[in-house]
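Each chain, letter by letter, is given below.
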Amino acid sequence: MSRRRQIYEGKAKILYEGPEPGTLIQYFKDDATAFNAQKKGTISGKGVLNNRISEHVFTLLGTIGVPTHFIRRLNMREQLIRQVEIIPIEVVVRNVAAGSLSKRLGIEEGTQLPRTIIEYYYKDDALGDPLIADEHIACFGWASQEEMNDIADMAVRVNDFLCGLFAAIGIRLVDFKLEFGRIWENDYARVILADEISPDGCRLWDMQTNEKLDKDRFRRDLGGEAEAYQEVARRLGLLPEGENSVLDLDQHRQKRGK
Ligand code: UDP
């Protein structure tokens, strides 16, 4: 791993050069951050779980025709992805009021929204990822109008699909964040879904109890983060019933310094 060229290190993931041109290896860390990295910690086994959950979700999205950067999972913490030119916009889709929407507009958390909202944030840590309007995207040339149409269409499709996927396992999809990137084919650029879909970037509430099964457990010091991520993976059928063998193996390897 150390012999590979590192392209980028983010808060929760590292990108390495891939085996072929146009590919990268995405490594999932256990590190967790919140509030624009003012709060830092680790969630044991998170990287393994997010790798599996994101693989599962991106694979399913591929089968319904949503283009993604995912190629295949390589091992417990790594997946092979297509290299994209990241569009510097975080796309947030909301079905239920929570988080910054509740705070900004004074709407009680848990209020079902009468219609799904798509919001855009400018990806810039120094500025704290500010909320932006469509006008800003066009004005500053972060994406073309055509690309924004494709992004909005894909975000709606992903939301419809994920709402059903999670509802089937007793989970309410409150909100989530997506990132998109461009790939160039000859002189033509196409937008595809990038980054990851995991409990790090989604709000997932148990439908019966409203228990939070996502990164809010870390943000709000609720405890039980690792168990919550495991529960999501378990309900998606990604962990063998009644055991955490994948995580045990990972811990064993980490202790041996692998
Ligand atoms: N989100 C994210 N990364 C960010 C900001 C938000 O993954 O940098 C996700 C977050 O997990 C939630 C949704 O986007 O599922 C909406 O987040 P919100 O705007 O409410 O911000 P927060 O209260 O989480 O800071």
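Predicted model only: the values in this text are computed from it and were never measured. Sequence order as written defines the numbering, with residues in each chain counted from 1. Where totals are concerned, whole chains, interfaces and linings use all residues; where local detail is concerned, this predicted model gives features only for residues with pLDDT of at least 70, and gives and counts side-chain atom pairs only at 80 or more. Just so you know, side-chain values use all the structure's heavy atoms and leave hydrogens and water out.

Quick word on the pattern of salt bridges
Piece 1. Every case where a carboxyl oxygen of Asp or Glu lies within 4 Å of a side-chain nitrogen of Lys or Arg is listed as a salt bridge. The full count for this structure, using the stated rule, is 30 salt bridges.
Piece 2. The salt bridge partner of arginine 94 is glutamate 119, with a shortest N-O separation of 2.9 Å. Of this pair, arginine 94 sits in strand E9 (residues 89–96) while glutamate 119 sits in strand E10 (residues 112–122), placing them 25 residues apart in sequence.
Piece 3. The partner of arginine 217 in a salt bridge is glutamate 211, and the shortest N-O contact between them spans 3.9 Å.
Piece 4. Categorising residues by exposure relies on relative accessible area from a 1.4 Å probe, with only protein chains included: less than 20% of the type maximum marks a residue as buried, more than 50% marks it as exposed, and the intermediate range marks it as partly exposed. For arginine 217, a relative accessible area of 13% translates into the label buried.
Piece 5. Taken together, the shared-partner salt bridges connect Arg94, Glu109, Glu119, Asp175, Arg203, Asp216, Arg219 and Arg220 into one network. Secondary structure is summarised from DSSP: a helix means a run of H or I of at least four residues, a strand means a run of E of at least two, and numbering begins at the N terminus for each.

A closer look at the site of the ligand
Piece 1. By convention in these notes, a residue is near a molecule or strand provided one of its non-hydrogen atoms lies within 4 Å of it. In the neighbourhood of the ligand, 16 residues make up the surrounding shell, with Arg94, Ser100, Asp175, Arg203 and Arg219 lying closest.
Piece 2. A 3.5 Å cut-off defines polar contacts: any pair of N or O atoms within that distance qualifies, except that in protein one atom must be a possible hydrogen donor and the other a possible acceptor, and neighbouring residues in sequence count only when both atoms are side-chain atoms. In the model, an oxygen atom of the ligand is placed 3.1 Å from a nitrogen or oxygen of the glutamate 90 side chain.
Piece 3. Out of a free accessible area of 500 Å², the ligand has 77% covered by protein chains.
Piece 4. The residue makeup of the shell around the ligand, split by class, is five nonpolar, three polar and eight charged. Where accessible areas are quoted, they stem from the Shrake-Rupley method and a 1.4 Å probe; at the residue level, only the protein chains shown are allowed to cover. Three classes are used, and their members are as follows: Ala, Val, Leu, Ile, Met, Phe, Trp, Tyr, Cys and Pro are nonpolar, Asp, Glu, Lys and Arg are charged, and the others, Gly among them, are polar.

A look at the sheet that holds strand E7 (residues 78–82)
Piece 1. Read across the open sheet, the five strands follow the order E1-E2-E3-E7-E6; overall the sheet is antiparallel. Both outer strands of the open sheet, strand E1 (6–9) and strand E6 (70–73), are each paired with one neighbouring strand and no more. When strand polarity is set aside, the average angle formed by the axes of neighbouring strands in this sheet is 25°.
Piece 2. At least two bridges found by DSSP between two strands are what make those strands a pair. Bridge count for E6 against E7 is three bridges, and the pairing is antiparallel. Looking at the pairing, phenylalanine 70 lines up with isoleucine 81 of E7.
Piece 3. Contacts: residue pairs with any heavy atoms within 4.5 Å of one another. Fitted lines through C-alpha atoms give the axes, limited to the stretch in contact for helices. The angle between two N-to-C directions lies from 0 to 180 degrees. In the packing of helix H1 (residues 46–63) onto the sheet, contacts are made with strand E3 (23–28), E6 and E7, and the angle to E6 comes to roughly 130°.

A look at the pairing of strand E13 (residues 188–194)
Every other side chain in a regular strand lies on the same face of the sheet, so the side chains alternate between the two faces.
Piece 1. Two elements, strand E12 (residues 171–185) and E13, share seven bridges in a ladder whose sense is antiparallel. Within E13, the residue paired with glutamate 179 across the bridge is alanine 194.
Piece 2. Turn length for the E12-E13 hairpin, with the two strands adjacent in sequence and antiparallel, is two residues, and the turn residue asparagine 186 shows positive phi of about 55°.

Focus: the packing of aromatic side chains
Aromatic rings considered in pairs are described by the distance between their centres and by the relative angle of their planes.
Piece 1. Between 30 and 60 degrees the pair is tilted, below 30 it is stacked and above 60 it is edge-to-face, where a pair is any two Phe, Tyr or Trp rings, Trp via its six-membered ring, whose centres lie within 6.5 Å. Per the counting criterion, the structure on display carries two aromatic pairs.
Piece 2. Geometrically, the ring pair formed by phenylalanine 140 and tryptophan 142 is tilted, given 5.2 Å between the ring centres and 35° between the ring planes.
Piece 3. Since its relative accessible area comes to 15%, tryptophan 142 is described here as buried.
Piece 4. Joined through ring pairs, the aromatic side chains of Tyr122, Phe140 and Trp142 make up one cluster.
Piece 5. By definition here, charges over rings are those cases where NZ of Lys or CZ of Arg is within 6 Å of the ring centre and within 35 degrees of the ring normal. Its end group placed over the ring of tyrosine 16, arginine 4 keeps NZ or CZ at 4.4 Å from the ring centre.
Piece 6. The cationic tip of lysine 39 hangs over the ring face of phenylalanine 218; the distance from NZ or CZ to the ring centre is 4.9 Å.

Topic: the UniProt feature "domain: SAICAR synthetase/ADE2 N-terminal" (unreviewed entry) in the protein chain
Piece 1. UniProt tags residues 6–235 as "domain: SAICAR synthetase/ADE2 N-terminal" (unreviewed entry).
Piece 2. Summarising residues 6–235: 30% helix, 36% strand, and an end-to-end C-alpha distance of 34 Å. UniProt positions are given in the numbering used here, feature names are shortened, and annotations may be inferred rather than shown by experiment.

So, the packing of H1 against helix H6 (residues 225–235)
Piece 1. Two elements in contact, H1 and H6, have axes separated by 10 Å at closest approach and are oriented at 25°. Regarding the angle of H1 to H6, the classification is roughly parallel. For the crossing formed where H1 meets H6, the hand is left-handed. Contacts between H1 and H6 involve Lys46, Leu49, Asn50 and Ile53 from the first element and Ala226, Tyr229, Gln230, Val232 and Ala233 from the second. Roughly parallel means an angle under 35 degrees; roughly antiparallel, over 145; roughly perpendicular, 65 to 115; everything else is oblique. Crossing handedness: left-handed means the near helix sits turned counterclockwise from the far one by under a right angle, and right-handed means the same turn made clockwise.

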